[in-house]
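Architecture and fold: a report
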Amino acid sequence: MSFKETYVNSFLKNRNGLLLAGGIGLTVAGLGLGYKYLKKPEKVTRVGVVTQLLIHPLKSGKAVSVGLAECQQMGLKYGELQDRHWLVITEDGHFVTGRQEPRLVLVSLTSEKGQTCLNGPGMEELRFPLLQPDNAVINCRVFSTDIQGRDCGDEASGWLTHFLGAGKTFRLVHFEPHMSPRRAADVEPLFPQNEKVVYPDMGPIMLLSEASLNDLNSRLENGVTVAQFRPSIVVSGCEAFEEDSWEDIQIGNVRLHRVMACGRCKFTTVDPETGVVTGKQPLETLKSYRMCDPAQKSIYQSAPLFGQVYIVNKTGVLQVGDVVHKISH
């Protein structure tokens, strides 16, 4: 057999394999090109600047203002302070907030160098260890979901019981890293099934703009402060309620995704400086112009909307002065 005949026979035997390989190659190349051209590019638009970062270590307690914070999956963190990682409970484990005990807004909780500190008007400062591994782990109830907390001891319990003066015993618990967090979707189905939170009502991050607060104050006889609404991030440089449309934002290297608006309740009527319910404001005014679309009534019921709740898609560090970018496709 000549060289030419040998070559032709070999080609005929391998033709199908070559055609198959070529087809696969073209398909892969086509898919790659298709993805390249079908993937919508991101549009990045500057929408504001971070003016405040606020950590609320104790649920319903005073905020700690920081210039820099880690933005973790379950909220802001600065040193030993993590957002809503301490909780006041009744003796049977049910959570207590400023809705039931308005004076809780006057309680300051800080923690540094392994020592946690409680402060409040007319009270002596109480210090106790951050870690108390010999103390009981208590099963707690936050809304309709169960979560654990490490009891902070009898001294902390006595301090809170005396300060709140409600004629019943309260205890303080602390969430530790080895404990199981709550599923946000168990409270509000709009959240992803795998989204975890500790003691917040719903999501890990709440954002509010200064312009929205100023708009509200323009309608009130007596103005209110951002402390009335307990956000994690305060933003300036945008129009009032512009944050309602920020579905995805980037601040520094942190990415946040908006899940829902923050429905407001009677807690907003507690004066953060006195711990006293001031009447119906600002809730009544918010109800006059910040109600949800009728199609969303099943989500928000009769609660007016003020601020936006986010989940953390990419963790990182936030700083006051960081530019806020809206991400769109």
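Residues numbered from 1 in each chain as written. Predicted model: local features only at pLDDT ≥ 70, side-chain atom pairs only at ≥ 80, totals over all residues. Heavy atoms only, no water.

**Some points on the packing of aromatic side chains**
Summed over the entire model, instances satisfying the criterion amount to six aromatic pairs. With centroids separated by 5.6 Å and ring planes inclined at 25 degrees, the aromatic side chains of Trp159 and Phe163 adopt a geometry described as stacked. A residue pair is termed a helical-turn pair when its members lie 3 or 4 positions apart in one helix, as Trp159 and Phe163 do in helix α2 (residues 154-164) at four residues. Considering the side-chain rings of Phe175 and Tyr199, the 6.2 Å spacing of their centres and the 85 degrees angle between planes classify their relative orientation as edge-to-face. Residue Phe175 is located in the loop between β13 (170-174) and β14 (182-183), and its partner Tyr199 is located in the loop between β15 (196-197) and β16 (205-209); the two are separated by 24 residues in the primary sequence. (Phe/Tyr/Trp six-rings, centres within 6.5 Å; stacked < 30°, edge-to-face > 60°. Helix = DSSP H or I, 4+ residues; strand = E, 2+ residues; numbered from the N terminus.)

**Details of a nonpolar patch on the surface**
Where nonpolar side chains cluster on the molecular surface, the patch consists of Leu68, Tyr78 and Val317 and spans about 260 Å² of accessible area. For Tyr78, the location among the structural elements is in strand β4 (residues 75-78). (Patch = residues over 30% accessible without salt bridge, like charges linked within 9 Å, V, L, I, M, F, W, Y side chains within 5 Å. Areas by Shrake-Rupley, 256 points an atom, 1.4 Å probe, with all protein chains shown as cover. Salt bridge = Lys/Arg side-chain N within 4 Å of Asp/Glu carboxyl O.)

**Side note on the side chain of Arg230**
Along the polypeptide, Arg230 turns up in the loop between α3 (210-217) and β17 (233-236). This buried residue, Arg230, is left without a salt bridge; Asp83 holds the nearest opposite charge, at 7.7 Å. Here the side chain of Arg230 touches Gly61 through a polar contact of 2.5 Å, landing on its backbone oxygen. (Buried < 20%, exposed > 50% of the residue type's maximum accessible area, 1.4 Å probe, protein only. Lys, Arg positive; Asp, Glu negative; His and termini not counted. Polar contact = N/O pair within 3.5 Å; in protein donor to acceptor, adjacent residues only side chain to side chain.)

**Focus on the pattern of salt bridges**
Oppositely charged side chains can pair when the atoms bearing their charge come close. Under the defined criterion, the tally for this structure stands at 14 salt bridges. With its nearest N and O atoms 4.0 Å apart, the salt bridge here joins Lys77 to Glu70. The partner of Asp83 in a salt bridge is Arg84, with the nearest N and O atoms 2.9 Å apart. Salt bridges here are not isolated pairs; linked through shared partners, they connect Lys59, Arg99 and Asp201.

**Considerations on empty space enclosed by the protein**
For the structure on display, the rule yields one cavity of 30 Å³ or more. Volume-wise, the largest cavity comes out at about 40 Å³. Taken together, Val105, Ala227, Gln228, Arg230, Phe267, Thr268, Val270 and Pro272 form the lining of the largest cavity. For the lining of the largest cavity, the residue count by class is five nonpolar, two polar and one charged. (1 Å grid on protein atoms, 1.4 Å probe; cavity = no way out; pocket = protein on both sides within 12 Å on 5 of 7 lines; lining within 4 Å. Points joined across faces, edges and corners; volume = space filled by probe spheres on them. Nonpolar A, V, L, I, M, F, W, Y, C, P; charged D, E, K, R; others polar.)

**Comments concerning the layout of surface pockets**
By volume, the largest pocket amounts to about 700 Å³. If you go around the largest pocket, you meet 31 residues; those closest to its centre are Arg99, Asp201, Met202, Cys262 and Gly263. Among the secondary structure elements, those contributing two or more residues to the lining of the largest pocket are β16, β19 (254-263) and α5 (297-300). The dominant element in the lining of the largest pocket, judged by the number of residues it contributes, is β19, at three residues. In this structure, the second largest pocket encloses a volume near 250 Å³. Along its surface, the second largest pocket is lined by 14 residues, and Asn222, Gly223, Val224, Thr278 and Gln281 are the ones closest to its centre. Residues that form the lining of the second largest pocket fall into these classes: four nonpolar, seven polar and three charged.

**Description of the pairing of strand β10 (residues 126-129)**
Residues of β10 alternate between two faces, with Leu126 and Phe128 buried on one and Arg127 and Pro129 left unburied on the opposite face. Note: strand β9 (residues 115-119) against β10, four bridges, orientation antiparallel. Bridging across to β10, Gln115 finds its partner in Pro129. Here β9 folds back onto β10 in antiparallel fashion, the turn holding six residues, of which Gly122 has a positive phi close to 75 degrees. (Pairing = 2+ DSSP bridges.)

**Description of the environment of Leu106**
Within the fold, Leu106 resides in the loop between β7 (95-96) and β8 (108-112). Since its relative accessible area comes to 7%, Leu106 is described here as buried. For the pair Leu106 and Thr274, spaced 168 residues apart in sequence, the C-alpha separation works out to 7.2 Å. Ignoring sequence-local partners within four residues, the contact set of Leu106 consists of Lys62, Asn119, Gly120, Pro121, Phe163, Pro272, Glu273, Thr274 and Gly275. (Contact = heavy atoms within 4.5 Å.)

**Some points on the nonpolar core**
Residues Leu118, Leu172, Ile233, Trp246 and Leu256 are the most contacted members of the largest nonpolar core, which totals 48 residues. For this core, the element with the most residues is α2, which contributes five residues. (Core = buried A, V, L, I, M, F, W, Y, C linked by side-chain atoms within 4.5 Å.)

**Details of unusual backbone geometry**
Residues Gln281 and Pro282 are joined by a peptide bond in cis, for which omega reads 5 degrees. Examined against the element boundaries, Pro282 turns out to sit in the loop between β19 and α4 (283-289). Of note, Phe143 is a non-glycine position whose phi angle comes to about 55 degrees, a positive value. Within the element layout of this structure, Phe143 appears in the loop between β11 (137-142) and β12 (145-151). A residue is classified by how much of its surface remains accessible, and Phe143, at 37% relative accessible area, is partly exposed.

**Structural notes on the sheet that holds β11**
Taken in spatial order, the five strands make up an open sheet running β7-β6-β13-β12-β11, and their pairing is antiparallel. Of all the strands in the sheet, the pair left with one neighbour each is β7 and β11. Packed onto the sheet, α2 meets β6 (86-90) and β13 and runs at close to 130 degrees relative to β13. (Axes fitted to C-alpha atoms, helices over the stretch in contact; angles between N-to-C directions.)

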